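# Report on the structure
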Amino acid sequence: MNFEALIERSSMRHFFLVMIIALCATSQSHAEKADSTKPTNIEADQMTYDDAKQVNVFTGNVVLTRGTLTVKAGKVVVTQDPEGYQFAILYAAPGKLASYRQKRDGGSDLWMEGYGQRIEYDNKSEIANFYMKAKLKRLDGNKVTDEVNGEHISYDSKTEFFTVHNTSKGVSAPGAGRIKVILQPKETKAGTGSAGKASEKGK
């Protein structure tokens, strides 16, 4: 399949749809469901809190965890709504990228990792947005099975549905840049792939 042709202006939306279907079809797993019921823990060098606005600002080697979810950044701004849900904005430290890592259901060692110069995470919708030098990787243990790169990635951790754009404004524009997709081939079980079929014929 010629991905260069698929991503031209006339077929850009079609390309995104094909890419998403291909990636989601590799696994029916979703983000760890138990994470949504866990408390949010944050470590940092410094914190300021505005009780009236319900805004926390954490700076310096910030690490936020909630169940299997772990995010790291140079600065994190957390706002809490009247229902108790949090909205976090993560800013990368100079020369680094903010990071997001969460276990996925469907296996003992399946993970999703994301990176960006800025990450926005909505605790209520469980949607993460990655901006500028954005990267999202699906892992089985330490092995990367799929990877996408762009200037903006929106990821729904409940459904594992995501979209990728070539600008940090959340839309794609002709000539603004290219997104990159890496799909690793599935490993076949011994004796069930083409080599296995050949050996069967030789018997």
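Residues numbered from 1 in each chain as written. Predicted model: local features only at pLDDT ≥ 70, side-chain atom pairs only at ≥ 80, totals over all residues. Heavy atoms only, no water.

### Examining the nonpolar core
So the rule is basically this: Among buried residues, the Ala, Val, Leu, Ile, Met, Phe, Trp, Tyr and Cys ones that are joined through side-chain atoms within 4.5 Å form a nonpolar core. Each residue is placed in one exposure class: buried if its accessible area under a 1.4 Å probe, protein chains only, is under 20% of its type's maximum, exposed if it is over 50%, and partly exposed if it falls in between. Counting from the N terminus, the helices are the DSSP runs of H or I reaching at least four residues and the strands are the DSSP runs of E reaching at least two.
Residues Val76, Leu90, Tyr100, Phe130, Leu136 and Ile153 are the most contacted members of the largest nonpolar core, which totals 25 residues. Counting only elements with at least two residues in this core, the list comes to β3 (55–66), β4 (69–80), β5 (86–91), β6 (98–103), β8 (118–122), β9 (127–140), β10 (143–156) and β11 (161–165). The greatest single-element share of this core, amounting to five residues, is contributed by β4.

### Re the packing of aromatic side chains
Two descriptors summarise a pair of aromatic rings, namely the distance from one centre to the other and the angle between the planes of the rings. Note the following rule: For this analysis, a ring pair means two rings from Phe, Tyr or Trp (six-membered ring only for Trp) whose centres lie within 6.5 Å, classed as stacked if their planes differ by under 30 degrees, edge-to-face if by over 60, and tilted for the remaining angles.
Across all of its chains, the model carries four aromatic pairs by this definition. Judged by centre distance (5.6 Å) and plane angle (90°), the ring pair of tyrosine 100 and phenylalanine 130 falls under edge-to-face. Here tyrosine 100 is found in strand β6, whereas its partner phenylalanine 130 is found in strand β9, with 30 residues between them in sequence. A relative accessible area of 0% places phenylalanine 130 in the buried class. Ring centres of tyrosine 100 and tyrosine 155 lie 6.2 Å apart, and the angle between their planes is 85°; this geometry places the pair in the edge-to-face category. Placement of tyrosine 100 in strand β6 and of tyrosine 155 in strand β10 is noted, with a sequence separation of 55 residues between them. This pair shows no difference in class: tyrosine 100 is buried, exactly as tyrosine 155 is. A connected cluster of aromatic rings, assembled from ring pairs, spans Tyr100, Tyr121, Phe130, Tyr155 and Phe162.

### A short note on the pattern of salt bridges
Operational definition: We define a salt bridge as a side-chain nitrogen of Lys or Arg found within 4 Å of a carboxyl oxygen belonging to Asp or Glu.
For the structure on display, the rule yields five salt bridges. Linking glutamate 83 and lysine 124 is a salt bridge whose minimum nitrogen-to-oxygen distance equals 3.0 Å. Of the two residues, glutamate 83 is situated in the loop between β4 and β5 and lysine 124 in the loop between β8 and β9; the sequence distance between them amounts to 41 residues. By relative accessible area, lysine 124 is classed as partly exposed at 44%. What emerges from the salt-bridge pattern is a single network uniting Arg101, Glu113 and Lys137.

### Comments concerning the side chain of histidine 152
For the record, the criterion: Two N or O atoms count as a polar contact when they lie within 3.5 Å, although within protein this holds only if one can serve as hydrogen donor and the other as acceptor, and sequence-adjacent residues are included solely when both atoms are side-chain atoms. Only heavy atoms enter the contact rule, under which two residues are in contact if any of them lie within 4.5 Å.
Along the chain, the position of histidine 152 falls in strand β10. There is a polar contact of 2.9 Å between the side chain of histidine 152 and the side chain of asparagine 129. Those residues within four positions of histidine 152 in sequence are excluded, and the remaining contacts are Asn129, Phe130, Tyr131, Ala134, Thr163, Val164, His165, Thr167, Ser168 and Gly170.

### Notes on the pairing of β5
Sheet faces and side chains relate simply in a regular strand, where the side chains alternate between the two faces. Using the following cut-off: Here a strand pair is declared whenever DSSP counts at least two bridges between the two strands.
Pairing between β4 and β5: six bridges, direction antiparallel. Across the sheet, the residue bridging to valine 77 is isoleucine 89, located in β5. Joining the antiparallel neighbours β4 and β5 is a turn of five residues, in which glycine 84 adopts a positive phi near 95°. Two elements, β5 and β8, share five bridges in a ladder whose sense is antiparallel. Each bridged residue has a counterpart across the sheet, and for isoleucine 89 the counterpart in β8 is glutamate 120.

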